[in-house]
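Residue-level structural notes
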Amino acid sequence: MIVSLPIFLPLSFMIFAFLFRHYRGREYIAVAAAFLNVITSILLFSQTAREGMLKLQMGDWPAPYGITLVSDRFSAFMVLIASLIFLATTAYSVRSVDWNRKSFGYYLFSFGVLMGVNGSFLAGDIFNLYVWFEVMLMASFILMSHGGERQQLEGSIKYLILNLISSFFFVAGIGLLYGKIGSLNMADIASKLMKYETMPPEINPAFILIFVGFAIKGALVPFFFWLPASYHTPPPVVTALFSGLLTKVGIYSLIRFYSLFLYQHHEFWQPLILGVAVLSMVIGVITATSQFEFRKILSFHIISQVGYVVMGLGLYTIAGLAGAIYFLAHNMLSKTNAFLVAGYVYHQKGTLNLKILGGFYKKHPLWAIFFFISAFSLAGLPPLSGFVGKFLLIKAGIEADHLGIALIALFVGFFTLFSMVKIWIEVFWKPEDNMKKLKRIPQQNWSIQQNPLWMTLSSGGMALLIVLGGIFASPIVDYCYLAAESLMNPQLYVDFVLN
Amino acid sequence: MRNLILEKIATLFLYVMIGFALFLLLRGHNSPGGGFIAGILAASGFLMYAIVFGSEAVLKKIVVNPRYIIGTGLLLSLISAIIPIFWGLPPMTAIWGTLGKIHVGTPLLFDTGVFVLVTGMIISIITNIMDVLKWNS
């Protein structure tokens, strides 16, 4: 029962938003619903942490026939982090999203994104996973084009087309796989694959197609083009929400598939995944250095950070997977908060061009601190959560005899630091140049109302979580190790779901 | 220019389609049919009506904003999904009872929800497209 709540709760809010359209305090109800979602996620998380795995057979149909929702330690952790991010962005949007967007269903579709994300984390059936991807895609497309400004439409068309292509790849792969194996339940497929001595070669095309689908979703290197082309166009809070949730779902699914199916053809997949990871890390970080727009720099960094997670997956040791899980959670929090700060800067100045901005530290020291925490957590400075994540991953890389990859990861960390310092100097330290001051005033429909308390609260809360995640890392890391152990042992998952 | 024969046919077509849709909805559980196809048929009746009379006439015909129809459909489906929880069963389990001689159960409620949702959705889409294309003027 508790497993289905993260799906039913957003759905209930969506129905409420459909039925009660012109209602003044909608934003506060949305915040309350997001808070409720955090509570249910905590319940799910604590119960999963106690019992290891939970499952729910929808409609009481037993496992290989019906739709199964499965929550193991990894997915419960992801649901929890996603709910925290969602609470922060919803609270932030109380002041940051204009009245027009609110009354045309901003909250409705943001809860749609949440429902899709939660569903993908909990799905135990490949086709169900595909459906949740589509729910997420449609809701996020509407959020991205919502408001209909010119550059927004341009970005959202690119976003929609490339993500639809990814869905085609995914569903084509599902079709092939179903033709070969005759099942769609993940545990059932895994158990059928385990019976082979070596994975039969005719199954690999299906997995290649599915991998390409996930790689487009997760913005891995040869397929990342949609992300930097679209993420800087919608309202800042929407970008923050997407950067925290969307690409991470692709990566989550990749980890799930690798640990259930792909590991059986290890000698083929491991070099491929490690290669993609290294390329993502390096290319993402290098392209970011040439950008001079706040949100574009951060968008390119998403690609590089995702590369770290995939690197942990490619090592495929318990330490590597634990590092990947920790890094994924850390990255969701830090990245979202960096985008929230970018949104605040945008609301104040009406631009995000680094050459024009300046002197922000003097006027808004609190927000400078928030940015400092999240950006330098991304770069991996010691007391913050990013340090722990990178430390775990690089240590795992050295232990797994992939010294070259570990060194590349370290080297990429320096470049990340370079970009973050660039933003810090240009936006916060450099004195504001009055000559270059922007003539265009902030667009009216994006400007906040007077009181930024909600924005400060949400961004501050996220910053606090990042610091706490770094200081009290040890219980979280222990949990990640447990989650990685159960991922490394797919027999457990199969037995639990099928019996 | 009014076309009396077309208007009569469109009106008749609407009611025939709704009636046929209800028939398909009710036979759906064991025979071909069901909520989705019934919703599409009912909406096709409204589509014909909208082509002849314009989108505003359709909105007047269905009285409420299509948005509320969509919401109601979702609500019905959600209710049917969570009813089994009170029996201690997983969500979306079919629960059947008898009403006189007729078997009724939560799948029927779910299908009704889908029917209402699909109808409302398509009406909403076609009226919006007609507004954008300035069909009425």
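Residues numbered from 1 in each chain as written. Chains lettered and ligands numbered in written order. Predicted model: local features only at pLDDT ≥ 70, side-chain atom pairs only at ≥ 80, totals over all residues. Heavy atoms only, no water.

In the numbering adopted here, UniProt assigns the feature "domain: NADH:quinone oxidoreductase/Mrp antiporter transmembrane" (unreviewed entry) to residues 123-416 of chain A. For residues 123-416 of chain A, the end-to-end C-alpha separation is 34 Å, with 79% helix and 0% strand making up the annotated structure. (UniProt positions renumbered as here; feature names shortened; annotations may be inferred. Helix = DSSP H or I, 4+ residues; strand = E, 2+ residues; numbered from the N terminus.)

Following the UniProt record, the feature "domain: Na+/H+ antiporter MnhB subunit-related protein" (unreviewed entry) maps to residues 5-123 of chain B here. Along residues 5-123 of chain B one finds 71% helix and 7% strand; the C-alpha atoms at either end are 24 Å apart.

Here we come to the side chain of S140 of chain A. Residue and element names in this part refer to chain A. Positionally, S140 belongs in helix α6 (residues 126-145). Using a relative accessible area of 0% as the deciding quantity, one classes S140 as buried. In this structure the side chain of S140 is engaged in a polar contact, spanning 2.8 Å, whose partner is the backbone oxygen of M136. Every residue in contact with S140, bar those within four places of it in the chain, is listed here: V113, Y159, F242 and L246. (Buried < 20%, exposed > 50% of the residue type's maximum accessible area, 1.4 Å probe, protein only. Polar contact = N/O pair within 3.5 Å; in protein donor to acceptor, adjacent residues only side chain to side chain. Contact = heavy atoms within 4.5 Å.)

At the interface, 16 residues of chain A touch 17 residues of chain B. For the chain A face of the interface with chain B, the top three residues by lost area are I15, F18 and L19 of chain A, together amounting to 36%. Joining chain A to chain B, the criterion identifies zero salt bridges. Seen at the junction of chain A and chain B, the total is three residue pairs in polar contact (both at pLDDT 80 or more). Here the side of chain A that touches chain B gets seven residues from one element, more than from any other, and that element is helix α1 (residues 5-19) of chain A. Residues that form the side of chain A that touches chain B fall into these classes: ten nonpolar, four polar and two charged. (Buried area = accessible area lost by both parts, 1.4 Å probe. Salt bridge = Lys/Arg side-chain N within 4 Å of Asp/Glu carboxyl O. Nonpolar A, V, L, I, M, F, W, Y, C, P; charged D, E, K, R; others polar.)

Before going further, it helps to examine the nonpolar core. As a rule of thumb, soluble globular proteins bury nonpolar side chains together. The biggest cluster of nonpolar side chains holds 194 residues, and the ones touching the most others in it are M78, F207 and F294 of chain A. At 19 residues, helix α14 (residues 318-349) of chain A tops the list of elements feeding residues into this core. Counting residues in each nonpolar core, the second largest holds 19 residues, with L14, A38, F46 and I123 of chain B among its members. (Core = buried A, V, L, I, M, F, W, Y, C linked by side-chain atoms within 4.5 Å.)

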